[in-house]
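Observations on the model geometry
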Amino acid sequence: MITIRTANASDISAIDALLARAYPRLLKADYAPSVLVTALPLISRAQPGLIACGTYYVATDGDAIIGAGGWTARIPGVDTSEPRRANVRHVVTDDRRVRQGIGRTVLEHIFATARQAGMTWMHCTATLTAVPFYTTMGFTTLGLQTVTLAPGIAFQVVAMRRDL
């Protein structure tokens, strides 16, 4: 049975392991190896500040963390926020458990908690791989973007939006 709970600092190593295992396997069909070799070390790590924010969640099956994701009012790297906008953050599902409802359960929890906090719409920067998933969850595509992960390291994403 999938359970959702708020992530905490003791989850960091398990989330790190999940990201490090899942992202390379899930993203390899949509990104060139030359992109992944530079991007994966930067995106496949748990973010302690995000985990501590109170709106980042883990999906568990027994003691195992099988998914994670959350939301914030601010976009990473941007000093301002838009009123009533929540931003989907660092969603991942165990690559060995895709298509089992884990990502859907995490995202539905994100929607519910953002709504309870007074948010009226969600913004997402989806990996190319995740666009079909977010589309089935009611997001519409705003356009292709390039995110600079570090100097000289660019990563293609798709900006998406969904009303709550």
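Please refer to the structure placed before this passage.
Just so you know, the residues in each chain are numbered from 1, in the order the chain's sequence is written. Local features in this predicted model are restricted to residues whose pLDDT is 70 or higher, and side-chain atom pairs enter the listing and the counts only when it is 80 or higher, whereas totals over whole chains, interfaces and linings include all residues. With hydrogens and water excluded, all non-hydrogen atoms of the structure serve as input to the side-chain values.

**Describing the overall build of the protein chain**
Our working definition: In this text, helices come from DSSP runs of H or I with a minimum length of four residues, and strands from runs of E with a minimum of two, each type numbered from the N-terminal end. Both definitions apply: the radius of gyration is a C-alpha atom measure, and the globule rule equals 2.2 Å times residues to the power 0.38. For accessible areas, the Shrake-Rupley method is used with a probe of radius 1.4 Å. Any residue's cover is judged against the shown protein chains and nothing else.
The helix and strand inventory of the protein chain stands at five helices and seven strands. Along the chain direction, N to C, the helices and strands of the protein chain fall in the order β-α-α-α-β-β-β-α-β-α-β-β. Relative to its length of 164 residues, the protein chain is compact, with a C-alpha radius of gyration of 15 Å against a globular reference of 15 Å. Dimensions of the protein chain along its principal axes, counting C-alpha atoms only, are 40 × 35 × 30 Å. Summed over all atoms, the accessible surface of the protein chain reaches about 8400 Å², with 55% contributed by carbon and sulfur.

**Considerations on the packing of aromatic side chains**
Rules: Note on aromatic contacts: the rings of Phe and Tyr and the six-membered ring of Trp form a pair at centre separations within 6.5 Å, being stacked when their planes are under 30 degrees apart, edge-to-face when over 60 apart, and tilted otherwise. The classification of residues rests on relative accessible area computed with a 1.4 Å probe and restricted to protein chains. Under 20% of the type maximum is buried, over 50% is exposed, and intermediate values are partly exposed.
Going through the model one piece at a time under the given rule, you end up with four aromatic pairs. Their ring planes at 10° and their centres at 4.5 Å tell us that Tyr31 and Phe155 sit as a pair that is stacked. With Tyr31 in the loop between helix H1 (12-27) and helix H2 (33-43) and Phe155 in strand S7 (residues 153-163), this residue pair connects regions lying 124 residues apart in the sequence. Classification of Tyr31 as buried rests on a relative accessible area of 7%. Their ring planes at 65° and their centres at 5.2 Å tell us that Phe133 and Tyr134 sit as a pair that is edge-to-face.

**So, the nonpolar core**
What counts is decided by this rule: Side-chain atoms within 4.5 Å are what join buried Ala, Val, Leu, Ile, Met, Phe, Trp, Tyr and Cys residues into a set we call a nonpolar core. Two residues form a contact once any of their heavy atoms are found within 4.5 Å.
Ranked by size, the top nonpolar core spans 24 residues in total, and within it Met122, Tyr134 and Phe139 carry the most contacts. At the level of elements, strand S2 (56-61), strand S3 (64-72), strand S4 (85-93), helix H4 (102-116), strand S5 (121-127), helix H5 (131-136) and S7 are the ones that each hand at least two residues to this core. Per-element tally for this core: the top contributor is H4, with six residues. Excluding its chain neighbours within four sequence positions, the residues that come into contact with Phe139 are Val88, Leu107, Phe111, Met122, Cys124, Tyr134, Met160, Arg161 and Arg162.

**Details of H1**
As a reminder, the rule being used: In this scheme, a helix's expected span is set at 1.5 Å multiplied by one less than its residue total. In this context, the arc is that of the directions from the helix axis out to the C-beta atoms.
An ideal rise of 1.5 Å per residue puts 22 Å on 16 residues; H1 measures up with 21 Å between its terminal C-alpha atoms. Along H1, the positions that sit buried rather than exposed are Ile15, Leu18, Leu19, Ala22, Tyr23 and Leu27. All buried residues of H1 project into a common sector of 110° when viewed along the axis, lining one side.

**Details of the side chain of Asp94**
Relative to the elements of secondary structure, Asp94 occurs in the loop between S4 and H4. If sequence neighbours within four positions are ignored, Asp94 has contacts with Leu18, Arg21 and Ile66.

**A look at the sheet that holds strand S1 (residues 2-6)**
Whether parallel or antiparallel, the strands of a sheet pair through hydrogen bonds between backbone atoms. Our working rule: The rule for pairing is simple: two strands pair if DSSP sees at least two bridges between them. Fitted lines through C-alpha atoms serve as axes, helices being fitted only where they are in contact, and the angles separating the N-to-C directions of these axes extend from 0 to 180 degrees.
If you walk across this open sheet you meet the seven strands as S1-S2-S3-S4-S5-S7-S6, and the pairing is mixed. Since the sheet does not close on itself, it has two edges, and those belong to S1 and strand S6 (140-150), each with one partner. Neighbour-to-neighbour, the strand axes of the sheet open up by a mean angle of 30°, direction not taken into account. Looking at chain direction, S1 and S2 are connected through five bridges and run antiparallel. Bridged to Thr3 within S2 is Thr60. Relative to the sheet, H1 contacts S2, S3, S4, S5 and S7, its axis offset from that of S4 by approximately 80°. Strands S1, S2, S3, S4, S5 and S7 of the sheet are contacted by H4, whose axis makes an angle of about 35° with S3.

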